[in-house]
Amino acid sequence: MRTILIEPTENPKVMKFVADYNLIPGSLELDRTSDISEIPLAQELFNYPFVERVFITANFVAIAKQDTVEWEHVVESLKNVIEDELLANPRIYLQKKKEMYQIYAEMTPNPNAMKFVSSMMLMDGFVEVKSLEQAEGVPLAEAILKEFDFAKEVFISDNFVSVTRDNSVEWHQVMMAVRGYIAEYLQNGGAISNIVSQKHENPVEQIINRDYTEDEQKISDVLNEYVAPAVENDGGKISLMEYVKESKTARMLLQGSCSGCPSSTATLKGGIENILKQFLPDLVEKVEAVNG
């Protein structure tokens, strides 16, 4: 509880309520026509019909009353209100609640990539940063790559950040540090990305600046429905890059934890290729990765 001292003034209509610390820089003079939407203390004080004005400066609150009441009848009530409100909002203005980011770590099929999942959405779509040199415009990725020498790549999508490490460390040695750093960065209001994120729908449009053909759209629809959810759950992204009709080959772009994952080739051959063959037997016979 904040300790408030009651101090009379030379003006019998005005009483000072003195705190043991500075309340605000500068000063405020408020009456019933003032905007007090962000000042809970003033809102509470003006609930008393006899309060005419409230003056706040340095370490005290001064209240001017009407002549309809005597100080001895109301001063303790006002003192209690001020103490309660300063306890809730020590700096007078309404304290904005910080958004609470809960971050937990998840392994991915790629042993070099760890997925850090947020309790809140980070962006609509995704961005991929392959190196510190490419991180300009993506402050979160830049911060991670600068803070941790072992971090090679950062992939941000929806509600997670996927970080790929080099071979200088093992994840059990650094996972908690990375998780804590990301949580603190977000909690302190750090910017995530200043560039336009790629959308999950037809990312090939931004990659090669063209629309899907009819056949490519059919393949993409199967990927989005049967493959993408599982891949994204593992911290990765897989997109149709192009379709070669002559050889019935679907070429895929691997991003996030999928990029460089030792099991990605097996996943392509044993999983995605089989799914596409099953649903589109006349279109697809082979699946390839364009980036490894």
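Residues numbered from 1 in each chain as written. Predicted model: local features only at pLDDT ≥ 70, side-chain atom pairs only at ≥ 80, totals over all residues. Heavy atoms only, no water.

### A short note on the nonpolar core
Right, on to step 1. Judged by nonpolar contacts, the single largest core of 31 residues is most densely connected at I144, I156, V161 and L186.
Right, on to step 2. Put simply, the parts of the chain that give this core at least two residues each are β7 (113–118), β8 (126–129), α3 (139–147), β9 (151–157), β10 (160–165) and α4 (171–187).
Right, on to step 3. Among the elements that line this core, the one with the most residues is α4, at seven residues.
Right, on to step 4. Ignoring anything within four residues of it in the chain, the contact list for I144 reads A151, V154, V161, V163, Y181 and I182.
Right, on to step 5. In terms of nonpolar packing, the next biggest core, distinct from the first, is built from 29 residues, I4, I39, V81 and I92 among them. (Core = buried A, V, L, I, M, F, W, Y, C linked by side-chain atoms within 4.5 Å. Buried < 20%, exposed > 50% of the residue type's maximum accessible area, 1.4 Å probe, protein only. Helix = DSSP H or I, 4+ residues; strand = E, 2+ residues; numbered from the N terminus. Contact = heavy atoms within 4.5 Å.)

### A few points about unusual backbone geometry
Right, on to step 1. A positive phi angle, close to 75°, is found at I92, a residue other than glycine.
Right, on to step 2. By the element assignment, I92 lies in the loop between α2 (71–88) and β6 (103–107).
Right, on to step 3. Positioned with a positive phi, K248 is a non-glycine residue whose angle comes to about 55°.
Right, on to step 4. Within the secondary structure layout, K248 lies in the loop between β11 (236–244) and β12 (249–256).

### Brief notes about the sheet that holds β10
Right, on to step 1. Strand order in this open sheet of five strands is β6-β7-β10-β9-β8, and the pairing throughout is antiparallel. With partners counted over all chains shown, the strands left at the sheet margins are β6 and β8, one partner each. When the angles between neighbouring strand axes are averaged without regard to direction, this sheet yields 20°.
Right, on to step 2. The pairing of β8 with β9 spans four bridges and is antiparallel. Following the sheet pairing, V129 is matched in β9 by V154.
Right, on to step 3. Lying over the sheet, α3 contacts β8, β9 and β10, oriented at roughly 155° with respect to β9.
Right, on to step 4. Contacts between α4 and the sheet are confined to β6, β7 and β10, with β7 contributing the most and set at about 35° to the helix. (Pairing = 2+ DSSP bridges. Axes fitted to C-alpha atoms, helices over the stretch in contact; angles between N-to-C directions.)

### Some details on the sheet that holds strand β5 (residues 60–65)
Right, on to step 1. Taken in spatial order, the five strands line up as β1-β2-β5-β4-β3 in an open sheet, and their pairing is antiparallel. At either margin of the open sheet sits one strand with a lone partner, and together these are β1 (5–8) and β3 (27–30). In this sheet, adjacent strand axes meet at a mean angle of 20° when their direction is disregarded.
Right, on to step 2. Lying on the sheet, α2 is in contact with β1, β2 (14–18), β4 (51–57) and β5; it crosses β2 at an angle near 35°.

### Remarks on the pairing of β4
Right, on to step 1. Pairing of β3 with β4 involves four bridges; the strand directions are antiparallel. Across the sheet, S27 pairs through a bridge with T57, a residue of β4.
Right, on to step 2. Judged from the six bridges that link them, β4 and β5 form a sheet pairing that is antiparallel. Bridge assignment links V54 to a residue of β5, and that residue is I63.
Right, on to step 3. What sits between β4 and β5 in their antiparallel hairpin is a turn of two residues, with A58 showing a positive phi close to 45°.

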